[in-house]
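Understanding the architecture of this molecule
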Amino acid sequence: MSGPVTLAVGYAVPRAGLPAPASFRRWVEAALRGAKRRKSAELAIRIVDADEGRALNRDYRGKDYATNVLSFPVELPPGVALPLIGDLAICAPVVLREAAEQGKSPRDHWAHLTVHGVLHLLGYDHIESTEAEAMEALETRILAGLGIADPYA
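Since the structure is predicted, the reported quantities are computational estimates derived from the model, not experimental observations.

Quick look at the overall build of the chain
Helices and strands together make up the secondary structure of the chain, namely 5 helices and 4 strands. Sequence-ordered secondary structure for the chain, helices as α and strands as β, is β-α-β-α-β-β-α-α-α. Principal axes of the C-alpha set define a box for the chain whose edges measure 40 × 35 × 35 Å. The burial tally for the chain puts 41% of its 153 residues in the buried class. In the chain, once contacts between residues fewer than 6 apart in sequence are set aside, the share between residues at least 24 apart is 60%. Put simply, the chain shows about 8,100 Å² of open surface, and 52% of that area lies on carbon and sulfur atoms. Of the charged side chains in the chain, 17 are positive and 19 negative, and the gap between their average positions amounts to 7 Å.

Description of a nonpolar patch on the surface
On the surface, a cluster of nonpolar side chains totalling about 230 Å² of accessible area is made up of L76, V80 and L82. Secondary-structure assignment places L82 in the loop between β3 (69-73) and β4 (84-91).

Re the sheet that holds β4
With mixed pairing, the 4 strands of this open sheet are ordered in space as β1-β2-β4-β3. Each edge of the open sheet is held by one strand with a lone partner, namely β1 (5-11) and β3. If you compare each strand with its neighbour and ignore which way they point, the axes differ by 15° on average. Note: strand β2 (residues 41-48) against β4, 7 bridges, orientation parallel. Bridging across to β4, V48 finds its partner in C91. Sheet strands touched by helix α2 (residues 50-61): β2, β3 and β4. Its angle to β3, the strand with the most contacts, is close to 50°. Sheet strands touched by helix α3 (residues 92-102): β2 and β4. Its angle to β4, the strand with the most contacts, is close to 65°.

Here's the deal with the pattern of salt bridges
Evaluation of the coordinates by the stated rule reveals 6 salt bridges. With its nearest N and O atoms 3.4 Å apart, the salt bridge here joins R58 to D59. R58 sits in the partly exposed class, given a relative accessible area of 39%. Note on D59: relative accessible area 54%, which makes it exposed. Across the pair R97 and E101 runs a salt bridge, and its minimum N-O distance is 3.3 Å. Placement of the pair is R97 and E101 together in helix α3, with a separation of 4 residues, close to one helical turn. Via salt bridges that share partners, R54, R58, D59 and D64 belong to a single interconnected network.

What counts and how
- Residues numbered from 1 in each chain as written.
- Predicted model: local features only at pLDDT ≥ 70, side-chain atom pairs only at ≥ 80, totals over all residues.
- Heavy atoms only, no water.
- Helix = DSSP H or I, 4+ residues; strand = E, 2+ residues; numbered from the N terminus.
- Buried < 20%, exposed > 50% of the residue type's maximum accessible area, 1.4 Å probe, protein only.
- Contact = heavy atoms within 4.5 Å.
- Areas by Shrake-Rupley, 256 points an atom, 1.4 Å probe, with all protein chains shown as cover.
- Lys, Arg positive; Asp, Glu negative; His and termini not counted.
- Charge placed at Lys NZ, Arg CZ, Asp CG, Glu CD.
- Patch = residues over 30% accessible without salt bridge, like charges linked within 9 Å, V, L, I, M, F, W, Y side chains within 5 Å.
- Salt bridge = Lys/Arg side-chain N within 4 Å of Asp/Glu carboxyl O.
- Pairing = 2+ DSSP bridges.
- Axes fitted to C-alpha atoms, helices over the stretch in contact; angles between N-to-C directions.

Everything listed here is a matter of geometry and, on its own, says nothing about what the molecule does.
Following this line, the structure appears as structure tokens:
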């Protein structure tokens, strides 16, 4: 079992129809367990609109469009040991649009992107094909444990 999780969820958009903080907590905890993180973890999730999502993606990744999830892993100075792993920004309109386009339930897509973002905070990546295969397989296992079908099928 992983250590305690401290999670702050902020909504920069109306909350109607969006997952509650308890859902995000469940998905974060599942991702941490799936990645075998044993230590405590602290992170924040901010649910953003398209304008903020676009600005963040442009400013931090040089891509001028809103994307589904952005991960900001913490970079602690040497010798500083905190449970902080970073922050996620999840763009509500992009998540909802993608779910509709892909024929997925919005809730399942929210869960997938939360798990995906947490894995990025823990150092997983999908730039190289072997990394992508490993990360996707782990995501699929974590989501299956939540009763969610393979998002890559």
